[in-house]
Amino acid sequence: MLDVLTQQILRTDISGMPLEWIGYQDAVRLHYAGQVAYVSGQDILRVRGGYNAITGRRTILALNSIVSTYGRNRLLHETYTPPLNNPTLFKRDAWLCLYCGDSFERRELSRDHIRPLSLGGMDEWNNVVTACKRCNNQKAGRTPEEAGMQLLAVPFVPTHAEYIYLQGRRVLADQMEFLRAHFPRTSPLRERIAK
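Criteria and cut-off values
Residues numbered from 1 in each chain as written. Predicted model: local features only at pLDDT ≥ 70, side-chain atom pairs only at ≥ 80, totals over all residues. Heavy atoms only, no water. Buried < 20%, exposed > 50% of the residue type's maximum accessible area, 1.4 Å probe, protein only. Helix = DSSP H or I, 4+ residues; strand = E, 2+ residues; numbered from the N terminus. Pairing = 2+ DSSP bridges. Axes fitted to C-alpha atoms, helices over the stretch in contact; angles between N-to-C directions. Contact = heavy atoms within 4.5 Å. Salt bridge = Lys/Arg side-chain N within 4 Å of Asp/Glu carboxyl O. Arc of directions from axis to C-beta.

1. Some words on helix α6 (residues 160–167)
Within α6, 7 of the 8 residues are buried, which leaves it mostly tucked inside the rest of the structure. Along α6, the residues classified as buried are H160, A161, E162, Y163, I164, Y165 and L166.

Structure, rendered in structure tokens:
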């Protein structure tokens, strides 16, 4: 069952570029501040306000799963590198160790630097993969080749739309369809979420 009070709402700019996840309180503030250009997606919540003293009518605001606001962030349309963090990295790699291929709980996973920091590697999306703690310890401060371990997938830098998807907790079907339309055609996430 959908818990509407904790359901995230996808906020986009006026051109439809995904910007962030917001709660229903923020969506209400955007509506009443006149910052909403249009809404789309399913109706997920109706917020009831106060009564008008003259008409006696109650204010009711329908909130949709996607809300578009005025303005446009040009930087997101050009080059954008999202911040690297473990929860998003683990979701990018589908909670799999990219060395042994097994699926793990978050507490059993770690960030592995393909080219170790001690050898001049950088802490960036293209140089990190999800690894179980056993495989990460086995690889130690070596490259996969030096450790005799094969990398099962090529790491990639998520686009802004992919990053927004990876940040989502419970992404609704209409939000997923909307985000997926913004993924690059070659995105590894495109095929995974189509299932």
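2. Structural notes on the sheet that holds strand β3 (residues 36–51)
In spatial order, the strands read β2-β1-β4-β3; together these 4 strands make up an open sheet with mixed pairing. Two strands lie at the open edges of the sheet, namely β2 (18–22) and β3, each paired on one side alone. Within this sheet the neighbouring strands show an average axis-to-axis angle of 40 degrees, counted without direction. With 3 bridges joining them, strand β1 (residues 9–12) and strand β4 (residues 58–69) adopt parallel strand pairing. Across the sheet, residue T12 finds its bridge partner in β4, namely S68. Running at roughly 15 degrees to β2, α6 makes contact with β1 and β2 of the sheet.

3. Topic: unusual backbone geometry
For A94, which is not glycine, the phi torsion reads 60 degrees and is therefore positive. Within the element layout of this structure, A94 appears in the loop between α3 (86–92) and β5 (109–113). One non-glycine residue, A140, lies in the positive phi region at around 55 degrees. Here A140 shows up in the loop between α4 (133–139) and α5 (144–147). For A140, a relative accessible area of 43% translates into the label partly exposed.

4. Things to note about the pattern of salt bridges
For side chains of opposite charge, pairing can occur when their charged atoms come near one another. Tallied over the full model, the rule gives 6 salt bridges. One salt bridge connects R92 with D93, and the closest N-O pair in it is separated by 2.8 Å. Neither residue differs from the other here; R92 and D93 are each classed as buried. Of the charged contacts in the structure, one is a salt bridge between D112 and K139, with a shortest N-O distance of 3.4 Å. In this pair, D112 sits in strand β5 while K139 sits in helix α4, placing the two residues 27 residues apart along the sequence. Classification of D112 as buried rests on a relative accessible area of 2%.

5. Overview of helix α1 (residues 24–32)
Within the sequence span of α1, burial applies to A27, V28 and L30. Looking down the long axis of α1, one finds its buried residues gathered within 160 degrees of arc, a one-sided arrangement. Looking at α1, the residues exposed on the side facing more than 90 degrees away from the buried face are R29 and Y32. Contacts made by the buried residues of α1 are with β1, β2, β3 and β4.

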